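Topology and contacts: notes
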Amino acid sequence: MDYDVLILGGGIIGCAVAYELSKYSLNIALIEKEYDIADEVSMVNSAIVYDGVENPDTLMSKLEVIGNSMFEEITEKFNVPFKRCGSYMIAQSDKQVIKIEELYEKAIKRGINEIEIVEGKYVYEVETNLNIPIKKALYSHNTGVVAPYDLAIAYGEVAFDNGVNFKLEEEVIDIKKILTGYKIVTNKNKFTSKTVINTTPGIHYNIDKNEKQSSENDINILNSMLINKGNLFNSKKIIFAQNNKGEIINSLNNIQGSSLFTAESSTSFNLHEMKKVLNGFVEGIEDKDIKTFFQAKYYKDPIIIDDSLIDKGYIKISGKHYAEVTMTPSIAKMVCETLVGNLKAKLKKDFTDKRRDIFRFRELSNEEKNEIIKVDKKYGKVICICQIVTEGEIIDAIRRPLGARTVEGVRRRTGVTFGKCDGAYCFDRIVSILARETNKGMNDIVKSSKGSFVVKGRIKEFNEM
Ligand SMILES: Cc1cc2nc3c(=O)[nH]c(=O)nc-3n(C[C@H](O)[C@H](O)[C@H](O)COP(=O)(O)OP(=O)(O)OC[C@H]3O[C@@H](n4cnc5c(N)ncnc54)[C@H](O)[C@@H]3O)c2cc1C
């Protein structure tokens, strides 16, 4: 057998499972079809760490609660930005008051603490920008915001450092059961493994043929707007509300220092419609404050951890859910415990539960800045002036384990181009550093996926230049 465990898919779930399993003496590989880990759905995200209060499904709510409780420990250990900022779920009418009171009762029965119903006038006193009637609000201390890509990448990096073999740019074509385990066929190789954990979406392989496809019928559109103001609301809490059309609105201050405003609806809004929803919710936003506007599908499919074939060594994690990042730590732990019990694996003595040091220049004190520049002058050269990201950080993002190979990869690891100018000033310089560090020509650098070349071609070819 080539491996004890093969993990299919390098989204946040695949990387978190790889991390949990890398604590054990097992020969593990992870196969991901893209250039980078966490490149598909894991990239589209509102960054909220939910608290299980909002979830009508008891099992999903439980996964949220357990996952949520693990965030401090994980993010501190991995040096991933996380703020337990808390949230208000606003009730604007008597009908909505009844709804939040029911949610409150249900949450208490589910064992969720640190929540309370507060009077509207209290929220008004704090949130002076809010442009909606507030009768009451359900306050939760438990909700938070995280840097979700950073969390996925951190899981991957620590798993890599503990011996997990990451096979990027390799697509799984089929999985077949053989006598002693599984045969996995990719577009490049064939592998055998005692066990398989499949985190890829859909039913494409022989092994899954009898499985029912999850319904995917509860899909809405999440209309999202990034606003160049880090303090849309004074208290910096997440605000959940529902407008008179039943559209769920929320707003938060993200880790990058801007605000994210979203409206969940059955249709995609155009910019004019979105601005109307925004202005009906918060005061004082001008056109110049709007950074970007985008839409994504929003799922409420329950997550299914199917271990019905565990005696044969196969686990499939399927379903798409708006709180999957929150659930990730709990899902990974559950899957790991099930598999490890089945394989009777032992804990590794030399497991290192630490991410390699990462320096975010903008967060350092002046003393620390001078110290790091003394060690490496490239930390003294600011490339992204909006987000204050230095050449040293970009090079580190490329040279780290599972380092960035695309502009998007650098962006997610360092925060470059997230600022006001949207990369107008630094984009070319990032491409040039990527080309130099990966020993490629500028023409070969891609934005994110295969073929997404940044430079279309040279206007004039001078071979000698
Ligand atoms: C609009 C939106 C907002 C969200 N907001 C939040 C939020 O605020 N809070 C929260 O907790 N969660 C949120 N989520 C949920 C969360 O971002 C995703 O559901 C989660 O990241 C999905 O992770 P995953 O690993 O299951 O899937 P994916 O990221 O899709 O990972 C699957 C991986 O498998 C790879 N793959 C597929 N097929 C193959 C193949 N044949 N061979 C090899 N590799 C393959 C893919 O390339 C991909 O990398 C949001 C989701 C959406 C859509």
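Residues numbered from 1 in each chain as written. Predicted model: local features only at pLDDT ≥ 70, side-chain atom pairs only at ≥ 80, totals over all residues. Heavy atoms only, no water.

1. Comments concerning the overall build of the chain
Inclusion rule: Where helices and strands are cited, they refer to DSSP runs of H or I of at least four residues and of E of at least two residues respectively, numbered from the N terminus. Just to be clear, the radius of gyration here is over C-alpha atoms, and the globule rule we use is 2.2 Å times residues to the power 0.38. Remark: exposure states derive from per-residue accessible area (1.4 Å probe, protein chains only) relative to the maximum for the residue type, with buried under 20%, exposed over 50%, and partly exposed in between. Residue contacts follow a heavy-atom distance rule, with two residues in contact if any of their heavy atoms lie within 4.5 Å. The accessible surface values rely on the Shrake-Rupley method and a 1.4 Å probe; as for residues, cover is taken only from the protein chains in view.
For the chain, the count of helices and strands is 12 helices and 21 strands. Relative to its length of 465 residues, the chain is compact, with a C-alpha radius of gyration of 23 Å against a globular reference of 23 Å. Seen through its C-alpha atoms, the chain measures out along the principal axes to roughly 65 × 60 × 45 Å. Within the chain, the fraction of its 465 residues that count as buried is 52%. A separation of at least 24 residues holds for 69% of the contacts in the chain among residues at least 6 apart in sequence. For the chain, the accessible area works out to roughly 22100 Å², and carbon and sulfur atoms hold 50% of it.

2. Focus: the packing of helix H10 (residues 391-399) against helix H11 (residues 407-414)
Rule in force here: Axis lines are fitted through C-alpha atoms, for helices just across the contact stretch, and the angle between N-to-C directions can take any value from 0 to 180 degrees. In these notes the angle categories are as follows: under 35 degrees is roughly parallel, over 145 is roughly antiparallel, 65 to 115 is roughly perpendicular, and the rest is oblique. Should the near helix be turned anticlockwise from the far one by less than a right angle, the crossing is termed left-handed; should it be turned clockwise, right-handed.
In contact at an axis separation of 9 Å, H10 and H11 are set at 115° when each is read in the N-to-C sense. It follows that H10 is roughly perpendicular to H11 by the angle criterion. Handedness of the H10/H11 crossing: right-handed. Between H10 and H11, the residues in contact are Glu393, Ile394, Ala397 and Ile398 and Val410, Arg413 and Thr414, respectively.

3. Topic: the pairing of strand E18 (residues 304-309)
Definition in use: Any two strands are treated as partners once DSSP identifies two or more bridges connecting them.
In this structure, E18 lies alongside strand E19 (residues 314-318), joined through four bridges in antiparallel fashion. The residue bridging leucine 309 from the neighbouring strand is tyrosine 314, located in E19.

4. A short note on the domain arrangement of the chain
We apply this condition: These domain limits were set by an automatic method or by a database of domain assignments. When two components associate, each loses some accessible surface as probed by a 1.4 Å sphere; the sum of these losses over both components is called the buried area. Take a side-chain nitrogen of Lys or Arg and a carboxyl oxygen of Asp or Glu: if they are within 4 Å of each other, that pair is a salt bridge. Residues adjacent in sequence count toward polar contacts only when both atoms are side-chain atoms; beyond that, a polar contact is any pair of N or O atoms within 3.5 Å, and within protein one must be able to donate a hydrogen and the other to accept it.
One can read the domain layout of the chain as domain 1 (3-43 + 149-215 + 302-343), domain 2 (87-141 + 219-299) and domain 3 (361-444). Taken residue by residue, the interface counts 13 residues in domain 1 and nine residues in domain 3. By the criterion of area lost to domain 3, the three top residues of domain 1 are Asp36, Tyr149 and Glu157, representing 43% of everything that side buries. Linking domain 1 with domain 3 are three salt bridges, by the criterion used here. Linking arginine 413 and aspartate 36 is a salt bridge whose minimum nitrogen-to-oxygen distance equals 2.8 Å. Our enumeration of links across domain 1 and domain 3 arrives at four residue pairs in polar contact (both at pLDDT 80 or more).

5. Regarding the packing of aromatic side chains
Let me state the cut-off plainly: Each pair of aromatic rings taken from Phe, Tyr and Trp, with Trp reduced to its six-membered ring, is defined by centres within 6.5 Å and is described as stacked if the planes are under 30 degrees apart, edge-to-face if over 60, and tilted in the remaining cases. Our definition puts a charge over a ring when NZ of Lys or CZ of Arg is within 6 Å of the ring centre and also within 35 degrees of the ring normal.
Considering all chains together, one arrives at 14 aromatic pairs under this definition. With 5.2 Å between their ring centres and 80° between their planes, tyrosine 50 and tyrosine 322 make a pair best called edge-to-face. With tyrosine 50 in the loop between strand E3 (48-49) and helix H2 (58-69) and tyrosine 322 in the loop between E19 and helix H8 (324-343), the pair connects residues that are 272 residues apart, well separated along the chain. In this structure tyrosine 50 comes out as buried when scored by relative accessible area, which is 5%. Residue tyrosine 322 is classed as buried on the basis of its relative accessible area of 18%. With a centroid separation of 5.8 Å and 40° between ring planes, the pair formed by tyrosine 182 and tyrosine 314 is classed as tilted. Placement of the pair is tyrosine 182 in strand E11 (residues 181-186) and tyrosine 314 in strand E19, with a sequence separation of 132 residues. Across the pair, exposure class does not vary: tyrosine 182 and tyrosine 314 are buried alike. Members of the aromatic cluster, connected to one another through ring pairs, are Tyr19, Phe78, Tyr155 and Phe351. One cation-aromatic arrangement involves lysine 177 over tyrosine 182; the distance from NZ or CZ to the ring centre is 4.8 Å.

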